[in-house]
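# What the coordinates show
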Amino acid sequence: MKCDACGADIPDGSAFCNRCGTAIDSRSGPTSAPGPRVPAELLREREKRAELALELERVRLRAEREQVRGRRAFMIGVFVLALLGSTMVTMVLNRSRGRAAPPQPPERAAAPRAPAPTEPGGLRLENIRLARGRDREGQPQEPLSVLTLGIDRDVFCFFDIVGGSGEVALSVQWWRLGSVEHRTQVTVNLDAPMTPRSIPLRLPDLGEPGAWEIRFVCDREQIGVLRIRVQQAVAARSMAAVVSADLRGRPWAG
């Protein structure tokens, strides 16, 4: 480092010159070399590229906003068209119904009718059950839940009757596996004051085990059914088939 006044060499960072005593300006020290200069054309090119990228981003954002607006407008249009279509269809249907159905005159009060007699087809048997006999009042005596073939041959069938009057012929049919195996005919007097009613039944040959049904038919219409089941039972004396009777006796629903 040199003194600006006398030109003598002095150490770097000295405040005064060692020869002439002149104060040394701290800013007069060695300065760093200037960096390379960037050409003005390159700066302008960079600015243009930045402006172009910014403009492209703005265009993209505007396109996205327009696309979203278009979708909303399309959905709103579809909804409005569907609403208008349903309204028009409802109006057309209402008009067609109004034209097809002329106004009806007010109904007059119907005159009371006398109750019609019950037809035979309206018969129905309920609470069907079996018993070995009946007491003096006509009630079931010794209700049966198991019948032993060869021992219980004559039984009574008890039931309640709904509808009908006079004497009615009933067909008692024994069914197994969808086919009738035995058929008998009995007559029931519906005017007799008896509750419950009963008819004697003689058991046919039910030696084949399996499920059985006793169907009651009047004028080709089934009016009641009693479901039973035949089983093979080993007794101490011999082999006997027993019939488990369904005492519920629900009427046939078909």
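Below or above, wherever it landed, is the structure these notes cover. Counting from 1, residues in each chain are numbered in the order their sequence is written. Two thresholds apply to this predicted model, a pLDDT of at least 70 for residue-level local features and 80 or more for giving and counting side-chain atom pairs, whereas whole-chain, interface and lining totals are computed over all residues. Excluding hydrogens and water, the side-chain values take into account all heavy atoms of the structure.

A few words on a nonpolar patch on the surface. Patch members must show over 30% relative accessible area and no salt bridge, and they are joined within 9 Å when carrying like charges or within 5 Å when they are nonpolar side chains of Val, Leu, Ile, Met, Phe, Trp or Tyr. Accessible surface is estimated by sampling points in the Shrake-Rupley manner with a 1.4 Å probe; for residues, cover comes only from the protein chains shown. A pair is scored as a salt bridge if a Lys or Arg side-chain nitrogen falls within 4 Å of a carboxyl oxygen belonging to Asp or Glu. The grouping of Ile 76, Phe 79, Val 80, Leu 81, Leu 83 and Leu 84 at the surface amounts to a nonpolar patch, some 630 Å² of accessible area in total. Helix numbers and strand numbers start at the N terminus; a helix is a DSSP run of H or I with at least 4 residues, a strand a run of E with at least 2. Within the element layout of this structure, Leu 84 appears in helix H1 (residues 40–100).

Moving on, we come to the side chain of Arg 197. The residue Arg 197 is located in strand S7 (residues 197–202) in this model. Side-chain atoms alone can form a polar contact between residues adjacent in sequence; in general such a contact is a pair of N or O atoms within 3.5 Å, and within protein one must be able to donate a hydrogen while the other accepts it. Among the polar contacts made by the side chain of Arg 197, one reaches the main-chain carbonyl oxygen of Asn 189 at a distance of 3.3 Å. Separated by 2.8 Å, the side chain of Arg 197 and the backbone oxygen of Leu 190 make a polar contact. Other than its neighbours up to four places away in sequence, Arg 197 contacts Cys 157, Phe 158, Phe 159, Ile 161, Val 188, Asn 189, Leu 190 and Ala 192. Should any heavy atoms of two residues lie within 4.5 Å, those residues are counted as being in contact.

Before going further, it helps to examine the nonpolar core. We define a nonpolar core as any set of buried Ala, Val, Leu, Ile, Met, Phe, Trp, Tyr and Cys residues linked to one another through side-chain atoms lying within 4.5 Å. Only protein chains enter the accessibility calculation, which uses a 1.4 Å probe. A residue is then buried if its area is under 20% of the maximum for its type, exposed if over 50%, and partly exposed in between. Among the nonpolar cores identified, the biggest contains 29 residues, and Cys 157, Val 172, Trp 174, Ile 199 and Phe 216 are the most heavily contacted of them. Those elements that provide at least two residues to this core are strand S1 (124–134), strand S4 (154–162), strand S5 (167–176), strand S6 (179–189), S7, strand S8 (210–218) and strand S9 (221–234). With 5 residues, the next largest nonpolar core counts Cys 3, Ile 10, Cys 17 and Ile 24 among its residues.

Let us now look at the packing of aromatic side chains. In this scheme Phe, Tyr and Trp rings, the latter by its six-membered ring, pair at centre separations within 6.5 Å, and the angle between planes marks the pair as stacked below 30 degrees, edge-to-face above 60, and tilted otherwise. Using the criterion set out here, one finds 2 aromatic pairs in the structure. Here the aromatic rings of Phe 159 and Phe 216 are separated by 6.3 Å at their centres, their planes lie at 50 degrees, and the arrangement is tilted. Within this pair, whereas Phe 159 is found in strand S4, its partner Phe 216 is found in strand S8, the two being separated by 57 residues in sequence. Here Phe 159 matches Phe 216 in class, with each residue buried. Sitting over the ring of Trp 175, Arg 215 keeps its end group 4.0 Å from the ring centre. Charges are assigned to positions over rings by a cutoff of 6 Å between ring centre and Lys NZ or Arg CZ, combined with an angular limit of 35 degrees from the ring normal.

The next subject is the sheet that holds S4. DSSP calls a pair of strands paired once it identifies at least 2 bridges connecting them. The strand order across the open sheet built from 4 strands is S2-S1-S4-S7, with neighbouring strands paired in antiparallel fashion. Edge positions in the sheet fall to strand S2 (140–143) and S7, since each of these pairs with one other strand and no more. Adjacent strand axes in the sheet meet at a mean angle of 45 degrees when their direction is disregarded. Relative to S4, S1 is paired through 6 bridges, and the arrangement is antiparallel. Note on S4: the bridge partner recorded for Arg 129 is Phe 158. Working convention: axes come from line fits to C-alpha atoms, limited for helices to the stretch in contact. Angles between N-to-C directions cover 0 to 180 degrees.

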